[in-house]
Protein chains: 4
Amino acid sequence: MTLPAEFHDIAKRINNWGRWGEGDEIGTLNLITDEVVRSAAGTVRSGRRVPLALPLQQDGVQTGMIPGRVNPLRTMVALNLEMFGPGTIATSDDAVTMGLQAATHWDGLTHVSHSGKIYNGRPADSVTAHGGAAFSGIEKVTTLVSRGVLLDVAAARKLDRLPGDHAVTPEDLEAAEELAGTTVRAGDIVLVRTGQLRSYLGGDKHGYAFPSPGLSIRTPEWFHARDVAAVANDTLTFEIFPPEIENLWLPVHGLDLVEMGMLQGQNWNLEELSEACAEAGRYEFFLDATPEPFVGGAGSPVAPVAVL
Amino acid sequence: MTLPAEFHDIAKRINNWGRWGEGDEIGTLNLITDEVVRSAAGTVRSGRRVPLALPLQQDGVQTGMIPGRVNPLRTMVALNLEMFGPGTIATSDDAVTMGLQAATHWDGLTHVSHSGKIYNGRPADSVTAHGGAAFSGIEKVTTLVSRGVLLDVAAARKLDRLPGDHAVTPEDLEAAEELAGTTVRAGDIVLVRTGQLRSYLGGDKHGYAFPSPGLSIRTPEWFHARDVAAVANDTLTFEIFPPEIENLWLPVHGLDLVEMGMLQGQNWNLEELSEACAEAGRYEFFLDATPEPFVGGAGSPVAPVAVL
Amino acid sequence: MTLPAEFHDIAKRINNWGRWGEGDEIGTLNLITDEVVRSAAGTVRSGRRVPLALPLQQDGVQTGMIPGRVNPLRTMVALNLEMFGPGTIATSDDAVTMGLQAATHWDGLTHVSHSGKIYNGRPADSVTAHGGAAFSGIEKVTTLVSRGVLLDVAAARKLDRLPGDHAVTPEDLEAAEELAGTTVRAGDIVLVRTGQLRSYLGGDKHGYAFPSPGLSIRTPEWFHARDVAAVANDTLTFEIFPPEIENLWLPVHGLDLVEMGMLQGQNWNLEELSEACAEAGRYEFFLDATPEPFVGGAGSPVAPVAVL
Amino acid sequence: MTLPAEFHDIAKRINNWGRWGEGDEIGTLNLITDEVVRSAAGTVRSGRRVPLALPLQQDGVQTGMIPGRVNPLRTMVALNLEMFGPGTIATSDDAVTMGLQAATHWDGLTHVSHSGKIYNGRPADSVTAHGGAAFSGIEKVTTLVSRGVLLDVAAARKLDRLPGDHAVTPEDLEAAEELAGTTVRAGDIVLVRTGQLRSYLGGDKHGYAFPSPGLSIRTPEWFHARDVAAVANDTLTFEIFPPEIENLWLPVHGLDLVEMGMLQGQNWNLEELSEACAEAGRYEFFLDATPEPFVGGAGSPVAPVAVL
């Protein structure tokens, strides 16, 4: 099997390899300049902070469908331990085992490869079992702060939740932009709300996973045209799943991560943010979504905060 | 053994139990109001972002001295895996096992107890092996964003690194405040630089761990007087270690976490920030240091970012 | 809630506290003498070996119903790594995270407590989060080798699998003993086959877990009378589940582990053994089922081997 | 760099590829026939059992020198948890993270590759990050039971511990055979004692790791001539380390595992066994050393038991 012409055509139009130099490892994050961040700080009006991460717990979004992507198992390694003798200050420590892509997370640029390549044309086998990603590991994203824009596609369509077979198109994004009252611009982090997370929040993990609305194969070109820095949403799969085109699996991943070099975020909780933006009548905010710097990581959990 | 009168005297003066209600679980983070955050956003001048986390890797700061506090072991659970057949988009996933207090982290309020109590007078045994912290788990800190102030004690003393037996006193903090040109105020996150991390960065893990400069038992009163929201520094132990008073182990932990209900941060990398502040001639900045929301957690790794 | 009189009556009759001294930590394993083992070696006729462990894998018997009892996640930490330079011998290493009670395992004597006590009358809180079991940790079982006897209750009833509500009684054990053509005696390890594992082997994990046939509350007295060293079976819960007596949960665990000090094994695969014994017309064999010596462990995975 | 002619010459003489068929995945374990096991059972005289595994604990033999080979971290996931309500039977469960090659273990046949091949001529890249070993995974070793023979090289040389630069030669093995009063034969599991573990037992982990006595590059031919089933010893590296021939790293691993298809065991505690054999005046015994069946595993911890 090879990827169809349709995929390669889009790939050609949005390819960013070499755009920031042969040595580049962070792709579209280069679009976040000091100026962009300064301006993002200017969007803060009320000082209200909205957290966007799901709680990290055994009862997380993973169902076992994706082998190895295990929900967090946090255990105590010390529990009120009087390390220095009876009656002294006691300590409690914990440890965790978890999949880096298990909860609210960023896909790193090496999370997918196609045709033997990762972002910037490097060989896929530069990612190894022992060292992880030699290039574009998630630790190269030292900070991820910019203007955030919520594109509330579900709200723009006056739905709580998009249907499971709804591919979010550029037209959807523009309708949400209109609702937002702002235009997406270079260096923005775009958050696309489908409402799909409500399935999980309502107790239906399997319904959350599949079938799922998500981004259409037509969106990478739109994000490329706007020079977006990164995109996240409130689904497990990011893109519509099962896919729009038969047997073309995860095309948006291939286009965003490999061709454009743009991080993708999944399982973000955009419910409170949706309400907060609606209340404020503003859909732009200061956003910090810096991943944990796992050396060689193909991704990382993240606890993003929007400041309105 | 019981804690000495000296400890209890200070404890009485700084105790915040009940200050934000019997049900409170976040202590001094209550001091971060919308107004504080709005004002913090106003400190952004250049848009320069400085990351404060150490890379997460096997070769981390832990030496095995503290049982169970294991350096991160990140492994690939999928590596260019063509899950949907040959020639399809391939995925790479990873998983990690790590101590939550192993790297750059926040101590949660339940990280220590004394005399059978945690913050707000709750019983220490409300922290359990299975559920972790029933109260004041780190997930209750949904966001941690405020004005950050760097108190560069090493620089104020014109030292690269404070000596291993140097207890950072209120006088040190005030000298650093003078260098900073700003006064620490309610809701601030204070970062205290000792330069101790240079030992680790220079390859000496054991020298980094011990002996270590750190905060004096006299500092909790100072932080309490200023109504600081949280304090972090660039050492393994946070407070001076071995302690100032013989056989009084971890008194600052007991005072900050249990009595005041104030988060402590350790192993923060303040080296680049020190340079950035010196260059800018400004020691205040917008700081996001939101922990990962581990349910019941006694702490969490954090990837803090200062925006200048 | 307290445990009913019925439980305490049996407990009294089978209690072994002090039987092997106040300092004892291994309970009925004391019954395995050199003489018993010598005689067990004499049961070997053909030299046929039958493995009794399930494969250790992500797709194991756990369903997530029991929090923290996670199926094994094995990952590569090195993969054909030419550690000493290109063209040298390459190494592949792996690491695992798993629940010690997740797969084919022994419950250690500290796996349960009741009324604040563990085996030999020690306080339940002698098991701690940091050190695990101070007494009777699984590492105290340095070897577990004896005569094994298969009591094939399903076969004796001419069933593939006992119904989900079938409590295995002393009468069942005696019928199986008759089929086996041997009498259970002091120091034996008894393997009780219900056939329940066939649900899991057939792909039905939930059906395997619940409802499940298993040992009746009447069996501990039978095992006590025979002075059995240890008992294992082919179910997730060991005893019938849901329980025979309303609201009396896990009574067999309490009786076997706490009162008698007798190890219990679960999730053992007795299918091939059932056939091998039937073919040989003999139900006794040499059995090694030594647990991994996890210091302080409340249990351990085990890879038992029967030698016929 | 390529492997020297010397290596390839030996390789040719001992190569077992195809010997047990193209489909074979267990190599020399094929030499353990029912007859061998029946005869092994006949070596039991006293019924004395000697455990050969080191305790599994944080304070294990690993020093961090080999990345990813982490000592066991066992934690409680439930601690006297009254799952069914107050006053009910309470349960304690634990979980572990550990390197499969970290403690007393078997190297599986895929633990090393050379020249792109593993045992039986299969491609090295048949071992993958997600699935582990597609062929010759440690789970294929369903049982490992045979006659064990202790070759106490240290005792034969009247030393507590061989010097760090001592390569154990065929002559050493034969001297130990003479001491043992038995001849190593087809299907045996040979345990070679160097005494090196005494360094670790005496508290010197680094001295234990390096420099270490171990098997000479000349031993694979000897084991091949005798048709040994498996070999284990009491060192971290199995073979002499640093190696006998400059820049020829881990040649014995390459010869034993890849060419012969013979499992290697490391970090076995042979101290008590040495005494037991000397006391009994017999160095043969029944040995069960079945690994845990990790699917795809490149090795496994093992808790071997010798029955004398």
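Provided above is the structure to which this section pertains.
Everything numeric here is computed off the predicted structure, so don't read it as measured data.

A.B. asks: Explain the relation of the copies chain B and chain A to me, and be specific about the residues and the numbers.
C.D. replies: Taken as rigid bodies, chain B and chain A are interconverted by a rotation of 180 degrees and an axial shift of 0.0 Å, the fit giving an RMSD of 0.0 Å. The superposition of one copy onto the other is thereby described by a two-fold rotation axis. Of every C-alpha in chain B, the one belonging to Thr97 of chain B sits nearest the axis of rotation, 2.1 Å from it. A symmetric contact is evident, with 100% of the interface residues of chain B recurring at the interface of chain A.

A.B. asks: Help me get a handle on the sheet that holds strand β4 (residues 105-107) of chain B, residues and values and all.
C.D. replies: Residue and element names in this part refer to chain B. Pairing is mixed across the open sheet formed by nine strands, whose spatial order is β1-β16-β14-β8-β10-β12-β13-β4-β15. Looking along the sheet, the strands with just one partner apiece sit at the ends: β1 (49-51) and β15 (299-301). The sheet shows a mean angle of 25 degrees between the axes of neighbouring strands, taken without regard to direction. Strand direction decides the pairing type here: strand β12 (residues 230-233) and strand β13 (residues 263-266), joined by three bridges, are parallel. Its bridge partner lying in β13, Ala232 is registered against Gly265. Contacts from helix α4 (residues 170-180) reach β8 (145-152) and β10 (189-193) within the one sheet, and its direction differs from that of β8 by about 105 degrees.

A.B. asks: Any chance you could break down the interface of chain B and chain A for me, citing the residues and the numbers?
C.D. replies: With 84 residues of chain B at the interface, the matching set in chain A holds 84 residues. In total, chain B and chain A occlude about 6900 Å² of area from one another, counting both sides; carbon and sulfur atoms represent 61% of this. Inspection of the chain B/chain A interface yields four salt bridges. Summed over the shared surface of chain B and chain A, the result is 35 residue pairs in polar contact (both at pLDDT 80 or more). Here the element with the most residues in the side of chain B that touches chain A is strand β3 (residues 90-99) of chain B; it accounts for 10 residues. Residues that form the side of chain B that touches chain A fall into these classes: 44 nonpolar, 28 polar and 12 charged.

A.B. asks: Before we move on, could you go through the interface of chain D and chain A and cite the residues and values that matter?
C.D. replies: Across the boundary between the two partners, chain D contributes seven residues, which contact seven residues of chain A. For the chain D and chain A pair, buried surface summed over both sides reaches about 410 Å², with 72% attributable to carbon and sulfur atoms. Considering only the side of chain D, the residues that lose the most area to chain A are Leu73, Thr75 and Val77 of chain D, jointly responsible for 54% of the buried surface there. Where chain D packs against chain A, one counts zero salt bridges. Between chain D and chain A we count one residue pair in polar contact (both at pLDDT 80 or more) in total. Every element with two or more residues in the side of chain D that touches chain A is listed here: β2 (73-81) and β3 (90-99) of chain D. With five residues, β2 of chain D is the single largest residue contributor to the side of chain D that touches chain A. Partitioning the side of chain D that touches chain A into residue classes produces five nonpolar, two polar and no charged.

A.B. asks: Could you give me a rundown of helix α4 (residues 170-180) of chain D, with the residues and numbers involved?
C.D. replies: All names here are of chain D. Taken as a whole, α4 has its buried residues at Pro170, Asp172, Leu173, Ala176, Glu177 and Ala180. The buried residues of α4 all sit within an arc of 155 degrees when viewed along its axis, so they share a single face. At its buried positions, α4 is contacted by β8 (145-152), α3 (153-156), β9 (167-168), β10 (189-193) and α7 (219-226). Taken from the residues just after α4, Gly181 is the one with a positive phi, measuring 70 degrees.

A.B. asks: Can you tell me about the side chain of Ser92 of chain A, naming the residues and giving the values?
C.D. replies: Note that Ser92 of chain A resides in strand β3 (residues 90-99). Here the side chain of Ser92 of chain A touches Asn80 of chain A through a polar contact of 2.8 Å, landing on its backbone nitrogen. Not counting the four nearest positions on each side in its chain, Ser92 of chain A is found in contact with Met76, Ala78, Leu79 and Asn80 of chain A together with Gln101, Thr110, His111 and Ala298 of chain B.

A.B. asks: So what's going on with the relation of the copies chain D and chain A? Residues and values would help.
C.D. replies: The transform that puts chain D on chain A rotates by 180 degrees and translates by 0.0 Å along the axis, for an RMSD of 0.0 Å. Same-surface contact between copies: 100% of interface residues of chain D are shared with the interface of chain A.

A.B. asks: Tell me what's going on with the packing of helix α1 (residues 5-14) of chain A against helix α8 (residues 251-260) of chain A, and back it up with residues and numbers.
C.D. replies: Residues and elements named next belong to chain A. Look at α1 against α8: their axes get within 10 Å of each other, and the N-to-C directions meet at 30 degrees. With respect to α8, the axis of α1 lies roughly parallel. For α1 against α8, the interelement crossing comes out right-handed. Taking contact as the criterion, the partners of Phe7, Ile10, Ala11 and Ile14 in α1 are, on α8, Pro251, Gly254, Leu255, Glu259 and Met260. Split by residue class, the contact of α1 with α8 holds seven nonpolar, one polar and one charged.

A.B. asks: Go over the layout of surface pockets, please, and point to the residues and values.
C.D. replies: Roughly 1200 Å³ of internal volume is contained in the second largest pocket. In this structure, the second largest pocket is lined by 45 residues; those nearest its centre are Gln58 and Asn71 of chain B together with Thr63, Gly64 and Val70 of chain D. Contributions of two or more residues to the lining of the second largest pocket are made by β2 (73-81) and α6 (205-209) of chain B, β2 (73-81) and β3 (90-99) of chain C together with α6 (205-209) of chain D. Of the residues contributing to the lining of the second largest pocket, the split by class is 16 nonpolar, 21 polar and eight charged.

A.B. asks: Could you give an account of the packing of helix α4 (residues 170-180) of chain C against helix α7 (residues 219-226) of chain C, with specific residues and numbers?
C.D. replies: Between two packed helices, what matters for the description is the angle formed by their axes and the separation of those axes. All names here are of chain C. Interhelical geometry of α4 versus α7 gives an angle of 50 degrees and a closest axis separation of 9 Å. The orientation of α4 relative to α7 falls into the category oblique. Each of Pro170, Leu173, Glu174 and Glu177 in α4 lies in contact with α7, whose residues at this interface are Thr219, Trp222, Phe223 and Arg226. A per-class count over the contact of α4 with α7 returns four nonpolar, one polar and three charged.

A.B. asks: Give a detailed account of the packing of aromatic side chains, specifying residues and quantitative values.
C.D. replies: Counted by the stated rule, this structure contains 30 aromatic pairs over all chains. Relative to Phe84 of chain B, the ring of Phe241 of chain A has its centre 6.4 Å away and its plane inclined at 50 degrees; by these criteria the two rings are tilted. Here Phe84 of chain B lies in the loop between β2 and β3 and Phe241 of chain A lies in the loop between β12 (230-233) and α8, a pairing that spans two chains. For Phe241 of chain A, a relative accessible area of 13% translates into the label buried. Residues Phe210 of chain B and Phe241 of chain B carry aromatic rings whose centres are separated by 5.9 Å and whose planes lie at 65 degrees to one another, so their mutual orientation is edge-to-face. Placement of Phe210 of chain B in the loop between α6 and β11 (214-215) and of Phe241 of chain B in the loop between β12 and α8 (251-260) is noted, with a sequence separation of 31 residues between them.

A.B. asks: Could you give an account of the environment of Ser92 of chain D, naming the residues involved and the relevant values?
C.D. replies: Residue Ser92 of chain D is classed as buried on the basis of its relative accessible area of 0%. In this structure, the C-alpha to C-alpha distance between Ser92 of chain D and Leu81 of chain D, residues 11 residues apart in sequence, is 6.4 Å. Every residue in contact with Ser92 of chain D, bar those within four places of it in the chain, is listed here: Gln101, Thr110, His111 and Ala298 of chain C together with Met76, Ala78, Leu79 and Asn80 of chain D.

A.B. asks: Talk me through the pairing of β3 of chain D; I want residue IDs and the actual numbers.
C.D. replies: Most of β3 of chain D sits out of view: 10 of its 10 residues are buried. Alternating positions in β3 of chain D separate into two faces, Ala90, Ser92, Asp94, Val96 and Met98 of chain D on one and Thr91, Asp93, Ala95, Thr97 and Gly99 of chain D on the other, with burial throughout. Direction of pairing for strand β5 (residues 112-113) of chain C relative to β3 of chain D: antiparallel, over a ladder of two bridges. Following the sheet pairing, Val112 of chain C is matched in β3 of chain D by Thr91 of chain D. Direction of pairing for β2 of chain D relative to β3 of chain D: antiparallel, over a ladder of six bridges. Its bridge partner lying in β3 of chain D, Leu73 of chain D is registered against Thr97 of chain D.

A.B. asks: Outline the pairing of strand β14 (residues 284-288) of chain B, supporting the account with residue identities and numerical values.
C.D. replies: Residues and elements named next belong to chain B. Here β14 lies mainly inside the structure; five of its five residues are buried. Burial of β14 is two-sided: the residues Glu284, Phe286 and Asp288 facing one way and the residues Phe285 and Leu287 facing the other way are all buried. Sheet topology places β8 next to β14; five bridges connect them, and they run antiparallel. Counted as the bridge partner of Val149 is Glu284 from β14. Direction of pairing for β14 relative to strand β16 (residues 305-307): antiparallel, over a ladder of three bridges. The residue bridging Phe286 from the neighbouring strand is Val307, located in β16.

A.B. asks: Tell me about unusual backbone geometry, residues and numbers included.
C.D. replies: Geometrically, the link from Phe241 of chain A to Pro242 of chain A is a cis peptide bond, its omega value of 0 degrees lying close to zero. As for its position among the elements, Pro242 of chain A is in the loop between β12 and α8. Following Phe210 of chain B, the chain continues into Pro211 of chain B via a peptide bond in cis, with omega recorded as -5 degrees. Mapped onto the secondary structure, Pro211 of chain B falls in the loop between α6 and β11. Within the chain, Asn120 of chain C stands out as a residue other than glycine whose phi angle is a positive 70 degrees. Here Asn120 of chain C lies in the loop between β5 and β6 (127-128).

Conventions used here
- Residues numbered from 1 in each chain as written.
- Chains lettered and ligands numbered in written order.
- Predicted model: local features only at pLDDT ≥ 70, side-chain atom pairs only at ≥ 80, totals over all residues.
- Heavy atoms only, no water.
- Least-squares fit on C-alpha atoms with pLDDT ≥ 70 in both.
- Contact = heavy atoms within 4.5 Å.
- Pairing = 2+ DSSP bridges.
- Helix = DSSP H or I, 4+ residues; strand = E, 2+ residues; numbered from the N terminus.
- Axes fitted to C-alpha atoms, helices over the stretch in contact; angles between N-to-C directions.
- Buried area = accessible area lost by both parts, 1.4 Å probe.
- Salt bridge = Lys/Arg side-chain N within 4 Å of Asp/Glu carboxyl O.
- Polar contact = N/O pair within 3.5 Å; in protein donor to acceptor, adjacent residues only side chain to side chain.
- Nonpolar A, V, L, I, M, F, W, Y, C, P; charged D, E, K, R; others polar.
- Buried < 20%, exposed > 50% of the residue type's maximum accessible area, 1.4 Å probe, protein only.
- Arc of directions from axis to C-beta.
- Parallel < 35°, antiparallel > 145°, perpendicular 65-115°, else oblique.
- Left-handed = near helix turned anticlockwise from the far one by under 90°.
- 1 Å grid on protein atoms, 1.4 Å probe; cavity = no way out; pocket = protein on both sides within 12 Å on 5 of 7 lines; lining within 4 Å.
- Points joined across faces, edges and corners; volume = space filled by probe spheres on them.
- Phe/Tyr/Trp six-rings, centres within 6.5 Å; stacked < 30°, edge-to-face > 60°.

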